[in-house]
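So you can see what is in the structure, the chains are spelled out below.
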Amino acid sequence: MRQKINIAVTEKTELNEILRQTLSDAVKNNGINIDSKSFSNSKIRRLIVSGCVYVNGWQMKRPSFIVTKNSMITVDFDRDRFSFEKHPDDITFTMSDDDVLFETDDLIFVNKPAFFPVEQTITGKRANLHDALVDYLWKRNPSLRNPPYAGIMHRLDRETSGVILFTKNRAANKEISEMFQSHDFYKEYLAAVAVSSVKKSLAQNASNLSVGYAFTVEKFMGRISSKSSKGKWGSLSEKQGGQYSKTDFEIIGTKKIEGTECFIIRCVLFTGRTHQIRVHLSEAGFPIFGDELYGGKKASRLYLHAQKLEKIGKFSVTCDCNW
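Residues numbered from 1 in each chain as written. Predicted model: local features only at pLDDT ≥ 70, side-chain atom pairs only at ≥ 80, totals over all residues. Heavy atoms only, no water.

1. With respect to the overall build of the protein chain
Across its full length, the protein chain holds six helices and 17 strands. Sorting the 323 residues of the protein chain into buried and exposed places 50% on the buried side. Considering only residue pairs separated by 6 or more positions, the protein chain has 63% of its internal contacts joining residues 24 or more positions apart. (Helix = DSSP H or I, 4+ residues; strand = E, 2+ residues; numbered from the N terminus. Buried < 20%, exposed > 50% of the residue type's maximum accessible area, 1.4 Å probe, protein only. Contact = heavy atoms within 4.5 Å.)

Right, dumping it as structure tokens:
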């Protein structure tokens, strides 16, 4: 979620105060409506050096820059990416030929492992799939003087596994981006839901919960929690800023995972909102196994897998699930 914050430097501001301190004071005094626990001094410094802060319209990367009164400071950043920290269970991953699911001159489809972020975050150097792909492409063509291009077209949560698409040149970005914006892809996921955690009071026709049971969730949704470390999404009216979302679900089997009997649910997305499948299943009474943020039973991982990405007439890429 992109956010832009303006901070006016008034007469009350300490004269000759450095930029980092001015931002820190604004956070601590709740002058910019941000949780101070999420914005430590070190994070504020990284915001500045990463180029997210402007003084009177000029990008300023020096935390020690002296701010004068009557200045306007603008902070322009992606709040969701800023909140991500390195997790102790991030895996070590080096991409190989076996991780390429399908490739053309313009596109490359990769099998993303669980516990690995898609891209770098503003909080510091962190291994990620985008960098792993760039390294892989460069090793295939070591004669290149500069790193090869890899465009991120969509994202998967850190714990979600499965097929993800990157472009290999900028010329392909516009067409692929328009496909995502117009929901012109068939996107299929698999989710495991512990049978014991299903809230039958929320599930329609709960007596028929077996293979073949299908339902659709349509609702407006958006961010409902201000906690940046564990951002939570849920139902919001359109007037509250919620965005339309729709997912089809079907129970396609059962399987014992980590000693727990689970429904395996096929999820077909018509839109692509943040945490869409997780929110839709939870609010329908089917929290995903391992998704404690949304009421799921504790497990070693979030059992959600991106199984298929298809554009009719162009490509159909499937990534088998290894649960």
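2. Considerations on the nonpolar core
Among the nonpolar cores identified, the biggest contains 53 residues, and Met 95, Ile 108, Leu 133, Ile 265, Ile 277, Leu 281 and Phe 286 are the most heavily contacted of them. For this core, the element with the highest residue contribution is helix H4 (residues 129-140), accounting for six residues. For Ile 277, the residues in contact, after removing those within four places along its chain, are Tyr 189, Phe 249, Cys 267, Leu 269, Ile 288 and Leu 304. In terms of nonpolar packing, the next biggest core, distinct from the first, is built from 17 residues, Val 9, Ala 26, Val 53 and Val 55 among them. (Core = buried A, V, L, I, M, F, W, Y, C linked by side-chain atoms within 4.5 Å.)

3. Re the side chain of Ser 282
Here Ser 282 is to be found in helix H6 (residues 276-283). If we ignore the near neighbours within four places in the chain, the residues touching Ser 282 are Leu 202, Pro 287 and Tyr 294.

4. With respect to the pairing of strand E7 (residues 100-103)
With three bridges joining them, E7 and strand E8 (residues 107-112) adopt antiparallel strand pairing. Considered in E8, the bridge of Phe 102 is made with Phe 109. (Pairing = 2+ DSSP bridges.)

5. Looking at the environment of Lys 297
Mapping Lys 297 onto the fold places it in the loop between H6 and strand E16 (304-311). Since its relative accessible area comes to 37%, Lys 297 is described here as partly exposed. Sequence separation between Lys 297 and Ala 194 is 103 residues, and the spatial gap between their C-alpha atoms is 7.0 Å. If we ignore the near neighbours within four places in the chain, the residues touching Lys 297 are Ala 194, Ser 196, Thr 260, Ile 288, Phe 289, Gly 290 and Asp 291.

6. Some remarks on unusual backbone geometry
Leaving glycine aside, a negative phi is the common case for residues, and trans is the common case for peptide bonds. Phi is positive for Glu 258, close to 50°, though the residue is something other than glycine. Tracing the sequence through the fold places Glu 258 in the loop between strand E14 (243-257) and strand E15 (260-269).

7. Remarks on the environment of Gly 162
In this fold, Gly 162 is placed in strand E10 (residues 161-167). Classification of Gly 162 as buried rests on a relative accessible area of 0%. In sequence terms Gly 162 and Tyr 189 are 27 residues apart; their C-alpha atoms lie 8.5 Å from each other.

8. Things to note about the pattern of salt bridges
In total, this model carries twelve salt bridges according to the counting rule given. Across the salt bridge formed by Glu 178 and Lys 174, the nearest N and O atoms sit 2.6 Å from each other. Here the residue Glu 178 and the residue Lys 174 both occupy positions in helix H5 (residues 173-181), the gap between them amounting to four residues, near one helical turn. Judged by relative accessible area, Glu 178 falls into the partly exposed class, the value being 40%. Its relative accessible area of 58% is what places Lys 174 among the exposed residues. Overlapping salt bridges bring together Asp 90, Arg 158 and Glu 159 as one network. (Salt bridge = Lys/Arg side-chain N within 4 Å of Asp/Glu carboxyl O.)

9. Topic: the side chain of Asp 90
Mapped onto the elements of the fold, Asp 90 is located in the loop between helix H3 (79-83) and E7. A relative accessible area of 13% places Asp 90 in the buried class. A polar side-chain atom of Asp 90 sits 2.7 Å from a polar atom in the side chain of Arg 158. Not counting the four nearest positions on each side in its chain, Asp 90 is found in contact with Phe 115, Pro 117, Arg 126 and Arg 158. (Polar contact = N/O pair within 3.5 Å; in protein donor to acceptor, adjacent residues only side chain to side chain.)

10. Considering H5
Regarding H5, the residues found buried are Asn 173, Ile 176, Met 179 and Phe 180. Looking straight down H5, one finds that the buried residues subtend no more than 135° of arc, so they occupy a single side. Away from the buried face of H5 by more than 90 degrees, exposed residues Lys 174 and Gln 181 are located. Directly beyond the C-terminal end of H5, a positive phi value near 55° is found at His 183. (Arc of directions from axis to C-beta.)

11. Description of H6
Burial within H6 is extensive, with seven of its eight residues counted as buried. Taken together, the buried positions of H6 are occupied by Gln 276, Ile 277, Arg 278, Val 279, His 280, Leu 281 and Ser 282. Of the residues one or two after H6, Gly 285 is the one with positive phi, at around 95°.

12. Re the packing of aromatic side chains
Counting across every chain of the model gives twelve aromatic pairs. Put simply, the rings of Phe 102, Phe 109, Phe 180, Phe 185 and Phe 315 pair up and form one aromatic cluster. In this structure, Lys 246 is placed above the aromatic ring of Phe 270, and the distance from its NZ or CZ to the ring centre is 4.4 Å. Between Arg 301 and the ring centre of Tyr 303, over which it is positioned, the NZ or CZ distance is 5.3 Å. (Phe/Tyr/Trp six-rings, centres within 6.5 Å; stacked < 30°, edge-to-face > 60°. Lys NZ or Arg CZ within 6 Å of the ring centre and 35° of its normal.)

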